[in-house]
Amino acid sequence: MPWPLALTALVTIAFLLVPLVGLVIRAPWRNLGHVLAETQVVEALRLSLVCASAATVLSLVFGVPLAWVLARARFRGHGLLRALVTLPLVLPPVVGGVALLLAFGRRGIVGQYLDSWFGLTLPFTTLGVVVAETFVAMPFLVVTVEGAFRSADRGYEEAAATLGASRLTVFRHVTLPLVAPSLVAGSVLCWARALGEFGATITFAGNFPGRTQTMPIAVYLALERDPKAAIALSLVLLAVSVAVLVGLRDRWLHTGPTA
Amino acid sequence: MTASSVPLGHAAGARASLELDVVVRRDAFTLEVATEVAPGEVLGVLGPNGAGKTTLLRALAGLAAVTSGSIRLGGTVLDDATAGTFVPAEQRPVGLVFQDYRLFPHLSVRDNVAFAARSRGARRSDARRHADRFLDQLDLTDLAQRRPAQLSGGQAQRVALARALAAEPAMLLLDEPLAALDARSRLEVRSELRRHLADFPGPVLVVTHDPLEAMVMTDRLLVLEEGHVVQHGTPARVARRPATQYVARLVGLNLYPGTLVAPDGTVALATGGSLVATPAEPIPPGSTDVLVAVRPSAIAVHTARPDHASPRNVWAGTITGLELLADRVRVQVQGAPDALVDLTPAAVADLALRPGLQVWLSAKATEVDVYPDRPPSR
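Residues numbered from 1 in each chain as written. Chains lettered and ligands numbered in written order. Predicted model: local features only at pLDDT ≥ 70, side-chain atom pairs only at ≥ 80, totals over all residues. Heavy atoms only, no water.

Draft legend 1. Geometry of the overall build of chain A. The number of helices and strands found in chain A is 15 helices and 0 strands. For chain A, the spread of C-alpha atoms along the three principal axes comes to 65 × 65 × 30 Å. In chain A, which comprises 259 residues, the share counted as buried stands at 41%. In chain A, the proportion of contacts linking residues at least 24 apart, taken out of those at least 6 apart, comes to 72%. Counting only carbon and sulfur atoms, one obtains 70% of the accessible surface of chain A, whose full area is about 14,300 Å². For chain A, the centre of its 19 positive side-chain charges and the centre of its 12 negative side-chain charges are spaced 3 Å apart. (Helix = DSSP H or I, 4+ residues; strand = E, 2+ residues; numbered from the N terminus. Buried < 20%, exposed > 50% of the residue type's maximum accessible area, 1.4 Å probe, protein only. Contact = heavy atoms within 4.5 Å. Areas by Shrake-Rupley, 256 points an atom, 1.4 Å probe, with all protein chains shown as cover. Lys, Arg positive; Asp, Glu negative; His and termini not counted. Charge placed at Lys NZ, Arg CZ, Asp CG, Glu CD.)

Pasting the structure below:
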């Protein structure tokens with residue numbers, strides 16, 4: 001192995017690991033339980049898990065059909081639509097939050113009708129958190145599942161058609177099961193992204209403890225007030241991330257030359 | 001809803017015949033086929049890769065539309081380009097067994113076979129009961145709980161057939177049914193498949209490029225080359241009187257196009273040389289373009305010019321290759337005309353045959369068949 005590459009790789013590994021190790025070393029292990037038991041922390045964690053899960057469900061319900069259309073339908077402007085849909089992947093989340101305010105804010109393009117017709121207010125509500133997280137995280141699911149739809153063996157769908165299955169039956173009973181591994185992977189990615197979402201959430205939904213204050217926001221605020229609590233909260237999010245990685249290890253960690 | 005009222009069997013019992021007269025164009029390729037298949041008849045579609053065999057099956061199954069012409073099954077128009085009729089695959093009473101089987105990997109054998117009934121709205125338990133009949137019929141009951149990945153090639157083939165039959169189609173299509181099997185299971189599955197196809201009441205099409213498969217399993221053969229029907233007839237007749245070099249190679253005959261120059265059966269060959277033939281059937285008057293067929297085992301090899309003049313056909317050549325086939329040696333000879341000759345290994349040893357050796361070939365006129373080279377009827 002050429003030593004300049006090996007050396008650079010070592011430096012990179014250190015760069016990636018040292019902050020995490022620091023987090024573990026500096027964590028207030030002795031009164032960790034005490035810090036985490038605070039109502040505000042428990043509420044933030046609960047809110048984070050509930051909102052990230054809800055955002056994932058929404059992403060599945062709306063993202064899977066979109067992924068199918070992107071993978072299978074051929075129409076003018078297909079490439080443009082695909083680019084637009086995946087834009088939130090590269091868009092700074094704060095910009096996403098501002099855009100969401102303009103669209104779904106009380107006087108937003110859509111928001112004013114939601115407010116006057118249904119009395120529904122999204123900004124600065126828990127539902128707003130879910131909407132912001134969905135906006136940011138759904139593209140991860142769409143991109144993953146679209147790739148799976150694209151590469152799924154169409155032969156099975158043809159076989160199902162010759163057995164009398166309608167297009168919708170084929171989709172539900174053949175195509176979806178075939179892409180199940182990608183559905184799981186996409187959902188986990190989406191959920192993890194939603195869990196860590198900060199910029200769009202704080203911009204669109206604000207920071208109300210118990211209502212819109214999710215873990216990342218709680219961490220950020222605690223850092224000024226009570227650094228030890230911030231470290232403890234960060235540790236919880238780190239644990240969740242590691243758990244996700246372990247859950248997906250078959251897909252990601254075993255990508256040797258044969259994969 | 002009981003198992004017997006599962007909404008299947010568009011034409012179970014009803015005996016429909018297939019009439020097709022189609023042109024399917026795809027990029028630069030054109031497939032043109034017209035034929036009829038009677039109820040219970042097994043039509044073999046034989047041809048080299050790229051001849052359009054699979055394209056034909058896909059058109060019949062409704063996975064591809066015809067460019068012009070029509071497909072009728074019984075009284076039903078499945079596809080008619082002029083009238084703009086196209087019945088999609090899921091509404092055609094047509095079963096298709098794919099070359100690679102395409103068993104659903106996420107379903108058990110039983111649920112694969114129950115798929116058609118489920119697709120038509122049967123309850124899971126009813127669909128499974130319905131499937132069990134076909135599993136039993138194809139001797140698959142013991143494998144019902146397995147996943148397709150746990151099946152051998154022969155078993156997967158049976159499951160694919162059971163799945164297609166369980167949809168109770170009025171017509172059955174099989175695409176290279178034995179191609180994915182190893183030689184040993186092929187032998188076993190072939191005779192079994194023959195039996196199941198014989199039991200099927202509707203028209204059956206079997207696509208293959210294996211001549212033995214075509215001879216053993218079908219009632220009639222349609223030979224496709226480059227999208228066109230080049231020969232049409234019973235397997236025995238196609239094997240005895242091939243119309244093209246492709247078929248001649250498949251059935252192992254020497255085939256020479258030529259011109260009939262004398263009423264005694266003397267043919268001037270297009271490739272040079274001439275042969276005296278004895279037609280097995282009278283040649284219709286006026287036919288001058290003919291084909292001459294000689295079995296490789298009907299040709300004798302001599303290292304010197306044979307002086308006893310009993311064989312009418314004697315010609316010189318050079319050995320270009322020797323190939324051991326099971327119990328005999330196939331000798332390739334370049335001459336006028338070229339020939340494949342089958343000898344016993346002992347004869348090859350006695351004559352000390354080797355590539356490059358000059359030899360004389362002889363064949364009795366009674367062993368040489370000649371027949372008109374008809375332009376194939378479309």
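Draft legend 2. How the structure looks around the pairing of strand S21 (residues 368-372) of chain B. Residue and element names in this part refer to chain B. In terms of burial, S21 is a largely internal element, 5 of the 5 residues being buried. Examined bridge by bridge, strand S15 (residues 289-294) and S21 share 5 bridges and lie antiparallel to one another. Paired with Val292 across the strands is Val370, a residue of S21. (Pairing = 2+ DSSP bridges.)

Draft legend 3. Highlighting the interface of chain B and chain A. Taken together, the contacts link 20 residues of chain B with 17 residues of chain A. Taking both partners together, chain B and chain A bury about 1,600 Å²; carbon and sulfur atoms supply 67% of that area. When the area that chain B buries against chain A is broken down by residue, the three leading residues are Glu90, His106 and Phe115 of chain B, summing to 33%. Summed over the shared surface of chain B and chain A, the number is 2 salt bridges. The closest approach of N and O atoms between Glu158 of chain A and Arg58 of chain B, which form a salt bridge, is 2.6 Å. Inspection of the chain B/chain A interface yields 5 residue pairs in polar contact (both at pLDDT 80 or more). At the level of elements, helix H1 (53-61), strand S7 (94-97), helix H3 (115-119) and helix H5 (153-166) of chain B are the ones that each hand at least two residues to the side of chain B that touches chain A. Looking at the side of chain B that touches chain A element by element, the count peaks at 3 residues for H3 of chain B. Taken together, the residues that form the side of chain B that touches chain A break down as 13 nonpolar, 2 polar and 5 charged. (Buried area = accessible area lost by both parts, 1.4 Å probe. Salt bridge = Lys/Arg side-chain N within 4 Å of Asp/Glu carboxyl O. Polar contact = N/O pair within 3.5 Å; in protein donor to acceptor, adjacent residues only side chain to side chain. Nonpolar A, V, L, I, M, F, W, Y, C, P; charged D, E, K, R; others polar.)

Draft legend 4. Quick peek at the pattern of salt bridges. Inspection of the entire model under this criterion finds 26 salt bridges over all chains. Between Arg154 of chain A and Glu157 of chain A there is a salt bridge; the shortest N-O distance is 3.6 Å. Residue Arg154 of chain A and its partner Glu157 of chain A are located together in helix H9 (residues 154-162), separated by 3 residues, close to a single helical turn. A residue is classified by how much of its surface remains accessible, and Arg154 of chain A, at 46% relative accessible area, is partly exposed. Since its relative accessible area comes to 13%, Glu157 of chain A is described here as buried. The partner of Asp132 of chain B in a salt bridge is Arg110 of chain B, and the shortest N-O contact between them spans 2.7 Å. Highlighted residues: Asp132 of chain B in helix H4 (residues 124-137) and Arg110 of chain B in helix H2 (residues 109-113), separated in sequence by 22 residues. What makes Arg110 of chain B partly exposed here is its relative accessible area of 22%. Residues joined in a network through salt bridges with shared partners are Glu158 of chain A together with Arg58, Asp100 and Arg102 of chain B.

Draft legend 5. Here's a closer look at helix H1 (residues 3-26) of chain A. Compared with an ideal rise of 1.5 Å per residue, which puts 24 residues at 34 Å, H1 of chain A spans 33 Å between its outermost C-alpha atoms and is within 8% of the ideal. Along its length, H1 of chain A shows its largest kink, about 30 degrees, at Leu17 of chain A, and proline Pro19 of chain A lies within four residues downstream of that point. (Expected span 1.5 Å × (residues − 1). Bend = angle between axes of the 7 residues up to and from the residue.)

Draft legend 6. Up close: the nonpolar core. Leu18, Leu60, Ile71, Phe104, Leu173 and Leu205 of chain B are the most contacted members of the largest nonpolar core, which has 48 residues in total. Counting residues per element, this core draws most heavily on H1 of chain B, which supplies 5 residues. Ignoring anything within four residues of it in the chain, the contact list for Leu60 of chain B reads Leu18, Leu20, Ile71, Leu78, Arg92, Val94, Met171, Leu173 and Leu205 of chain B. If you look at the next biggest cluster of nonpolar residues, it comprises 38 residues, including Leu32, Ala71, Leu141 and Leu237 of chain A. (Core = buried A, V, L, I, M, F, W, Y, C linked by side-chain atoms within 4.5 Å.)

Draft legend 7. How the structure looks around helix H6 (residues 93-104) of chain A. All names here are of chain A. Over its 12 residues, H6 runs 16 Å from end to end, which matches the ideal 16 Å to within 8%, given 1.5 Å per residue. Regarding H6, the residues found buried are Gly96, Gly97, Leu100 and Ala103. Along the axis of H6, the buried residues cluster in a sector spanning 130 degrees; they form a single face. Elements that come into contact with the buried residues of H6 comprise helix H7 (111-118), helix H8 (126-151) and helix H12 (199-205). (Arc of directions from axis to C-beta.)

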